[in-house]
Amino acid sequence: MPLYPEIDPYDHGMLDVGDGNRVYWETCGNPRGKPAVVLHGGPGSGSNPWFRRLFDPAAYRIVLLDQRGCGRSTPHASAYETDMSVNTTTHLMADLELLRGHLGIERWLVWGVSWGSVLGLRYAQTHPGVVSELVLTGVATGSDAEVALLTRGLGQFFPEAFERFVAEVPEAERAGNLAAAYSRLIESPDPEVRARAARAWTDWETAIAAAPPRSVPRYEDPVFRMGFARTVTHYWGNGHFLSLGEEQGEGGEEGVVLRDAPLLKGVPGTLVQGSLDPGNLLGIVWRLHHAWPGSELIVIDDVGHHAGAPGMADALVAATDRYAGRESAQTGP
């Protein structure tokens with residue numbers, strides 16, 4: 001099933017979400033169509049025009065946004081003076097609610113990739129009634145076990161890259177939470193320390209994607225590289241801000257998102273996962289599927305953590321097409 005043709009937004013803006021932050025948003029497709037919001041990955045990757053092509057523009061009102069601190073949103077996380085304490089999962093969910101109200105949307109389909117799947121799942125769990133369906137790919141749940149796998153567990157598969165990755169961390173911190181250690185380096189007042197840490201982090205991200213070091217074009221942009229590395233390590237080093245405050249100690253090893261999967265009962269969902277996605281080593285997507293009544297899991301063979309890979313995009317388009325039809329059947333005459 002091919003992607004839909006490229007389209008341009010018919011409206012866009014900067015939404016003041018408080019704390020000195022303004023979030024970029026855009027809408028495209030049919031202004032009277034079924035609302036759908038796209039949650040990008042990272043955290044800190046920013047939205048991509050490619051996402052628009054996963055939705056029938058005649059059927060959907062497609063909303064894209066750049067989450068706090070990335071893309072066209074301001075202030076950007078790459079700037080040292082940007083306050084990261086007001087960039088948490090709770091803040092991002094509140095931003096979604098402000099945007100939903102700003103656009104006059106009652107309920108919307110939530111599409112998420114990688115980190116966007118974590119955010120989408122938690123948003124649906126904590127905001128009942130506003131999510132009509134979920135379409136998720138590169139599925140993750142933001143647990144500490146997943147962070148440990150991606151920062152340390154995969155070292156046995158990429159030993160040379162892992163040795164370089166760990167070497168950037170002070171020796172006394174190498175046995176601990178590597179994401180938190182990198183976050184501390186990226187918050188250093190020394191710009192050279194920050195730059196080295198961001199470079200080393202994106203080299204590791206590239207290595208575990210089974211690509212040669214420094215082959216991903218977006219990581220060659222120093223502004224993107226710094227903002228991305230700073231945001232990812234900020235979230236990964238702090239449990240994705242999913243086990244703080246009143247939730248602390250309640251989620252267990254599996255994390256609060258997987259724990260609360262039964263809360264998604266009544267929300268139809270499609271999980272599209274590559275069979276070679278590193279996150280599959282923990283069985284997270286299968287456990288989520290079995291704990292989420294009404295979900296479906298589609299596994300694409302010989303594909304990793306990449307929504308645009310052959311077979312992945314086809315399955316994602318098929319899912320949004322199916323949910324557009326479901327909505328039409330519910331709201332038609």
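A brief structural summary. As the structure is a computational prediction, the values presented were derived from the model and not from experiment. (Residues numbered from 1 in each chain as written. Predicted model: local features only at pLDDT ≥ 70, side-chain atom pairs only at ≥ 80, totals over all residues. Heavy atoms only, no water.)

## Description of the pattern of salt bridges
Here is step 1 of the chain: Tallied over the full model, the rule gives 16 salt bridges.
Here is step 2 of the chain: Here Arg-122 ties to Asp-260 by a salt bridge, and the two come within 2.9 Å at their closest N and O atoms. Here the residue Arg-122 occupies a position in helix H2 (residues 115-126), and Asp-260 occupies one in the loop between helix H8 (256-259) and strand S7 (269-274), the gap between them amounting to 138 residues.
Here is step 3 of the chain: Take Asp-260: its relative accessible area is 12%, and that puts it in the buried class.
Here is step 4 of the chain: With its nearest N and O atoms 2.7 Å apart, the salt bridge here joins Arg-184 to Glu-173. You can see Arg-184 sitting in helix H5 (residues 178-186) and its partner Glu-173 sitting in the loop between helix H4 (159-167) and H5, a full 11 residues away along the chain.
Here is step 5 of the chain: Salt bridges here are not isolated pairs; linked through shared partners, they connect Glu-26, Arg-52, Asp-66 and Arg-72. (Salt bridge = Lys/Arg side-chain N within 4 Å of Asp/Glu carboxyl O. Helix = DSSP H or I, 4+ residues; strand = E, 2+ residues; numbered from the N terminus. Buried < 20%, exposed > 50% of the residue type's maximum accessible area, 1.4 Å probe, protein only.)

## Points about H5
Structurally, the α-helix is built with 3.6 residues per turn, so residues lying three or four positions apart point the same way.
Here is step 1 of the chain: Most of H5 is tucked away: 8 of the 9 residues are buried.
Here is step 2 of the chain: Residues Leu-178, Ala-179, Ala-180, Ala-181, Tyr-182, Ser-183, Leu-185 and Ile-186 constitute the buried set of H5.
Here is step 3 of the chain: Residue Asn-177 occupies the N-cap position of H5, its side-chain oxygen lying 3.0 Å from the main-chain nitrogen of Ala-179. (Polar contact = N/O pair within 3.5 Å; in protein donor to acceptor, adjacent residues only side chain to side chain.)

## Structural notes on the pairing of strand S2 (residues 21-29)
Here is step 1 of the chain: Counting buried residues in S2 gives 7 out of 9 residues, a clear majority hidden from the surface.
Here is step 2 of the chain: Where strand S1 (residues 11-18) meets S2, 7 bridges bridge the pair, whose relative direction is antiparallel. Bridge pairing links Leu-15 to Val-23 in S2.
Here is step 3 of the chain: Here S1 hands over to S2 after 2 residues, with Asp-19 in that stretch at a positive phi of 60°.
Here is step 4 of the chain: Bridging between S2 and strand S4 (residues 60-65) involves 5 bridges; their strand directions are antiparallel. Bridge pairing in S4 links Glu-26 to Leu-64. (Pairing = 2+ DSSP bridges.)

## Considerations on the sheet that holds strand S3 (residues 34-39)
Here is step 1 of the chain: In space, the 8 strands of this open sheet follow the order S1-S2-S4-S3-S5-S6-S7-S8, with mixed pairing throughout. Of all the strands in the sheet, just S1 and strand S8 (295-300) have a single pairing partner and so form its edges. Sheet twist, expressed as the mean angle between neighbouring strand axes with direction ignored, is 20°.
Here is step 2 of the chain: Taken together, the 5 bridges between S3 and S4 define a ladder with parallel strand orientation. What sits directly across from Val-37, in S4, is Val-63.
Here is step 3 of the chain: Sheet strands in contact with helix H9 (residues 284-291) are S7 and S8, and its direction is about 155° off that of S8. (Axes fitted to C-alpha atoms, helices over the stretch in contact; angles between N-to-C directions. Contact = heavy atoms within 4.5 Å.)

## Looking at unusual backbone geometry
Here is step 1 of the chain: Cis rather than trans, the peptide bond between Gly-42 and Pro-43 has omega equal to -5°.
Here is step 2 of the chain: Checked against the element boundaries, Pro-43 lands in the loop between S3 and S4.
Here is step 3 of the chain: Going from Thr-74 to Pro-75, the amide bond is cis rather than trans, its omega being -5°.
Here is step 4 of the chain: Tracing the backbone through its elements, the reader meets Pro-75 in the loop between S4 and helix H1 (89-102).
Here is step 5 of the chain: Phi angles above zero are rare outside glycine, and Ser-114 is one such case at about 55°.
Here is step 6 of the chain: As for its placement among the helices and strands, Ser-114 is situated in the loop between strand S5 (108-113) and H2.
Here is step 7 of the chain: Under the relative-accessibility criterion, Ser-114 is labelled buried at 17%.
Here is step 8 of the chain: Phi at Asp-302 is positive, roughly 60°, even though this residue is not glycine.
Here is step 9 of the chain: Tracing the sequence through the fold places Asp-302 in the loop between S8 and helix H10 (312-331).
Here is step 10 of the chain: Overall, Asp-302 belongs to the exposed group, its relative accessible area being 66%.

## So, the packing of aromatic side chains
Here is step 1 of the chain: Evaluation of the coordinates by the stated rule reveals 15 aromatic pairs.
Here is step 2 of the chain: Their ring planes at 75° and their centres at 5.7 Å tell us that Trp-201 and Trp-236 sit as a pair that is edge-to-face. Here Trp-236 lies in helix H7 (residues 222-236) and Trp-201 lies in helix H6 (residues 191-208), a separation of 35 residues in the sequence. By the burial criterion, Trp-201 is buried, and Trp-236 matches it.
Here is step 3 of the chain: Ring pairs connect the aromatic residues Phe-162, Phe-165, Tyr-182, Trp-201, Trp-204 and Trp-236, which therefore count as one cluster.
Here is step 4 of the chain: Here the basic side chain of Arg-194 rests over the ring of Tyr-80, its NZ or CZ set 4.1 Å away from the ring centre.
Here is step 5 of the chain: The cationic tip of Arg-218 hangs over the ring face of Phe-228; the distance from NZ or CZ to the ring centre is 5.1 Å. (Phe/Tyr/Trp six-rings, centres within 6.5 Å; stacked < 30°, edge-to-face > 60°. Lys NZ or Arg CZ within 6 Å of the ring centre and 35° of its normal.)

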